Amino acid sequence: MSDLDEIYQEVILDHNKHPRNFGPLEGAVKAEGYNPLCGDKITIYVRIEDDVVADVHFEGAGCAISQASASVMTTLLRGKTRDEAKKIFSYFQDLATGSGDPEEHLAELGELAALAGIRNFPTRIKCATLAWHTMKMILDGKESS
Ligand code: ZN
């Protein structure tokens, strides 16, 4: 394991232990996601104002990767427009699946870069992207409530 891997690992452990923006959000739309492969559950709460993600929270239970990915996502998307948020999701999908040039958008991905190693573990990709797929339902206007 290189030093870089260790730093990335710490990011994941830190977010899993101290999840950011955890808990329900007043006046938000919400969507729920479930990853049957691993048993991860995520609920995403988003308040969108004037096409901007004004606030985003999550609740969930599952593996460290799924929870850390959700936590990082909430820190990353606040203040982003709907389109910006979708763009970051597509960059992250490239990073997680190793398609295209996944290193190209590391700057936009911030701490999500910690999850770059996931591409070597195909069964865990769903863990890393669960929160994002759930978020995208809201961004696309397909939220459940
Ligand atoms: Zn998982």
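Before any of the text, the structure's been laid out above.
Turning next to the side chain of Ser 69. Structurally, Ser 69 is set in helix α2 (residues 64-77). Overall, Ser 69 belongs to the buried group, its relative accessible area being 0%. In this structure the side chain of Ser 69 is engaged in a polar contact, spanning 3.4 Å, whose partner is the side chain of Trp 132.

With that out of the way, let us pick up unusual backbone geometry. For Asp 50, which is not glycine, the phi dihedral falls at a positive 50°. Positive phi is not limited to glycine here, since Asp 51 has a value of about 70°. Inspection of the secondary structure assignment puts Asp 51 in the loop between β2 (40-49) and β3 (52-61).

In this section: the pattern of salt bridges. Applying the stated criterion to the full structure yields 7 salt bridges. A salt bridge links Asp 140 to Lys 86, with the shortest nitrogen-to-oxygen separation between them at 3.1 Å. Here the residue Asp 140 occupies a position in the segment after α5 (125-139), and Lys 86 occupies one in helix α3 (residues 82-97), the gap between them amounting to 54 residues. Residue classification places Lys 86 among the partly exposed positions, given a relative accessible area of 27%. For the salt bridge of Asp 140 with Lys 136, the shortest nitrogen-to-oxygen distance reads 2.9 Å. When its relative accessible area of 28% is taken as the criterion, Lys 136 is described as partly exposed. One salt-bridge network, held together by shared partners, links Lys 86, Lys 136 and Asp 140.

Judged by nonpolar contacts, the single largest core of 39 residues is most densely connected at Ile 44, Leu 77, Phe 92, Leu 112, Trp 132 and Met 135. Only α1 (3-17), β2, β3, α2, α3 and α5 provide two or more residues apiece to this core. With 9 residues, α5 is the single largest residue contributor to this core. Sequence-distant contacts of Leu 77, that is, excluding residues within four places in its chain, are made with Val 53, Val 56, Ala 85, Ile 88, Trp 132 and Met 135.

Donor atoms from the polypeptide that bind the zinc ion are Cys 38 (SG), Asp 40 (OD), Asp 40 (OD), Cys 63 (SG) and Cys 127 (SG), placed at 2.2 to 2.7 Å. Here the donor residues for the zinc ion map to a single chain with the spacing C-x1-D-x22-C-x63-C. With Cys 38 in the loop between β1 (29-35) and β2 and Cys 63 in the loop between β3 and α2, this residue pair connects regions lying 25 residues apart in the sequence. For Cys 63, a relative accessible area of 15% gives the class buried.

The next thing to look at is the packing of aromatic side chains. This structure, assessed with the given rule, holds 3 aromatic pairs. When the ring of Phe 22 is compared with that of Phe 58, the centres are 5.1 Å apart and the planes differ by 85°; the resulting orientation is edge-to-face. With Phe 22 in the loop between α1 and β1 and Phe 58 in strand β3, this residue pair connects regions lying 36 residues apart in the sequence. A relative accessible area of 0% means that Phe 58 is categorised as buried. The rings of Phe 89, Phe 92 and Trp 132 are connected pair by pair, giving a single aromatic cluster.

Right, let's get into the sheet that holds β1. The 3 strands lie next to each other as β1-β2-β3, forming an open sheet whose pairing is antiparallel. Every other strand in the sheet has two partners, leaving β1 and β3 as the edge strands with one partner each. Across this sheet, the average inter-strand angle for adjacent strands is 20°, counted without regard to direction. Note: β2 against β3, 9 bridges, orientation antiparallel. Directly across from Ile 48, in β3, lies its bridge partner Val 53. Across the sheet, α2 touches β2 and β3, and the angle it forms with β3 is around 165°.

Reading the values: rules and limits
Positions within a chain are numbered from 1, following the residues in the order the chain's sequence is written. Given that this is a predicted model, residues contribute local features only at a pLDDT of at least 70 and side-chain atom pairs are listed and counted only at 80 or more, while totals for whole chains, interfaces and linings are drawn from all residues. Side-chain descriptors were evaluated using all non-hydrogen atoms of the structure, hydrogens and water having been removed beforehand. Helix and strand assignments come from DSSP, with helices taken as H or I runs of at least 4 residues and strands as E runs of at least 2, each series counted from the N terminus. Buried, partly exposed and exposed residues are distinguished by accessible area as a fraction of the type maximum, computed with a 1.4 Å probe on protein chains only: under 20%, between the cut-offs, and over 50%, respectively. Here a polar contact is recorded for every N or O atom pair within 3.5 Å, except that within protein the pair must consist of a potential hydrogen donor and a potential acceptor, and residues adjacent in sequence are included only if both atoms are side-chain atoms. Just to be clear on terms, a salt bridge is a Lys or Arg side-chain nitrogen sitting within 4 Å of an Asp or Glu carboxyl oxygen. Here the nonpolar core consists of buried residues drawn from Ala, Val, Leu, Ile, Met, Phe, Trp, Tyr and Cys, with membership extended through side-chain atoms lying within 4.5 Å. Only heavy atoms matter for contacts: two residues are in contact if any of them lie within 4.5 Å across the pair. Only nitrogen, oxygen and sulfur atoms qualify as donors, and only when within 2.8 Å of the metal (3.2 Å in the case of Na, K and Ca); with water excluded, sites may look incomplete. Pairing of aromatic side chains here covers Phe, Tyr and the six-membered ring of Trp, requires ring centres within 6.5 Å, and sorts the geometry by plane angle: under 30 degrees stacked, over 60 edge-to-face, intermediate tilted. Here, any two strands with at least 2 DSSP bridges between them count as paired. Axis definition: a line fit to C-alpha positions, over the contact stretch in the case of helices; interaxial angles, taken between N-to-C directions, run 0 to 180 degrees.

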